[in-house]
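Spelled out, the chains give:
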Amino acid sequence: MLEKRSVDLHVEEKEGKPVKEPFSKQYRCGPLLGSGGFGSVFSGHRLSDGLQVAIKQISRDSVQQWARLPGELSPVPMEIALLHRLSEVGGNGGVIQMLDWFEVEGRGFLLVMERPPQCQDLFDFITERGALPERLALRFFRQMVETLQFVHLHGVVHRDIKDENIVVDTRSLEVKIIDFGSGALLKDAAYDEFEGTRVYSPPEWVQARTYHAIPLTVWSLGVLLFDMVCGDIPFERDQEIIGATPFFTHRVSKECQALIRWCLSFRPEDRPSLEEILSHPWMEGGEEEEEEECSSVPSSSL
């Protein structure tokens, strides 16, 4: 098992912090929406105004990394600290918002998250519709890359970018990144632990069990873009990841193929930065077609 660690986060403390009401006085938990390695997610609502929320429950035993927040006597799961850090700087529309959090005796930690209406995770979105039109994939992908720029700018790395951790508003076609349970503080040095998803992990992790934050993120984005335009991920086995040679199963433009192959470069230093991704010819090619993207998804399927 990975060593459990605690990290001090330097976040500006607000004076006169009020004592908040307990979870049971503010929220009601509903049916289970889903569960994974980092907790279970339930539907719920806020008692004061009926706002629909998602409530993520994390048991203490499952927490691998802890952090300390100003004004808190006990350490909290790293996920809470990372989301708190991002909200402290004003948040970003592309990151799911943590509205509140609680530690509840016998239940562990409860994270109250926004729950946008008419949302579907990208995995289910692709499963239902198959490979996405490139213009729609471009719309989603640009939002993800720009959001990750914000996340990295404020010292956070997600480390588990995949279709299941992207939710799509099926009306506006805006996307949000969710589940920072595998996340960490951004650093220039190499990481030697990985809690993300194997088939989205880069060759350097598979071979040497080490990686750097930006090349890891860019590799995962390459897998994700392939997934969107081909309807499935490019690699299933370690040997395929190490081979770093995607085989395109659908008709994909040369520009899109070139960007995917660049992101999936075997050597980390050969991969683009997020800024280079945004300035790639394929990314710049769809600016005038924004209006068409909303009609790419038939209204009957939303």
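Values in this document were obtained by computation on a predicted structure and should not be read as measured data.

## Here's the deal with the packing of helix H6 (residues 213–230) against helix H8 (residues 254–263)
Okay, step 1: Contact geometry of H6 with H8 gives a least axis separation of 8 Å together with a crossing angle of 145 degrees. Along this stretch, H6 crosses H8, giving a crossing that reads as left-handed. Counted together, Val218, Trp219, Gly222, Leu225, Phe226 and Val229 of H6 and Cys256, Leu259, Ile260 and Cys263 of H8 form the full contact between these two elements.
Okay, step 2: Residue classes in the contact of H6 with H8 are distributed as 9 nonpolar, 1 polar and no charged.

## Thoughts on the sheet that holds strand E9 (residues 119–121)
Okay, step 1: Reading across the sheet, the 3 strands line up as E9-E11-E12 and stay open at both edges, with antiparallel pairing between neighbours. Strand pairing shows two members of the sheet lacking a second neighbour, E9 and strand E12 (175–177), which therefore form its edges. With direction set aside, neighbouring strand axes in the sheet form an average angle of 30 degrees.
Okay, step 2: In the sheet, E9 pairs with strand E11 (residues 166–169) via 3 bridges, with the strands oriented antiparallel.

## Re the side chain of Thr197
Okay, step 1: By the secondary structure assignment, Thr197 is in the loop between strand E13 (184–185) and helix H5 (203–208).
Okay, step 2: Assessed through its relative accessible area of 18%, Thr197 is described here as buried.
Okay, step 3: In terms of polar contacts, Thr197 uses its side chain to reach the side chain of Asp160, at 2.8 Å.
Okay, step 4: Ignoring anything within four residues of it in the chain, the contact list for Thr197 reads Asp160 and Lys162.

## So, the UniProt feature "binding site: ATP" (unreviewed entry) in the protein chain
Okay, step 1: Sites flagged by UniProt as "binding site: ATP" (unreviewed entry) map to Lys56.
Okay, step 2: Along the chain, the position of Lys56 falls in strand E4 (residues 52–58).
Okay, step 3: When near neighbours in sequence (up to four residues on either side) are disregarded, Lys56 contacts Phe38, Ser40, Val41, Glu79, Phe109, Leu110, Leu111, Asp179 and Gly181.

Rules used in this analysis
- Residues numbered from 1 in each chain as written.
- Predicted model: local features only at pLDDT ≥ 70, side-chain atom pairs only at ≥ 80, totals over all residues.
- Heavy atoms only, no water.
- Axes fitted to C-alpha atoms, helices over the stretch in contact; angles between N-to-C directions.
- Helix = DSSP H or I, 4+ residues; strand = E, 2+ residues; numbered from the N terminus.
- Left-handed = near helix turned anticlockwise from the far one by under 90°.
- Contact = heavy atoms within 4.5 Å.
- Nonpolar A, V, L, I, M, F, W, Y, C, P; charged D, E, K, R; others polar.
- Pairing = 2+ DSSP bridges.
- Buried < 20%, exposed > 50% of the residue type's maximum accessible area, 1.4 Å probe, protein only.
- Polar contact = N/O pair within 3.5 Å; in protein donor to acceptor, adjacent residues only side chain to side chain.
- UniProt positions renumbered as here; feature names shortened; annotations may be inferred.

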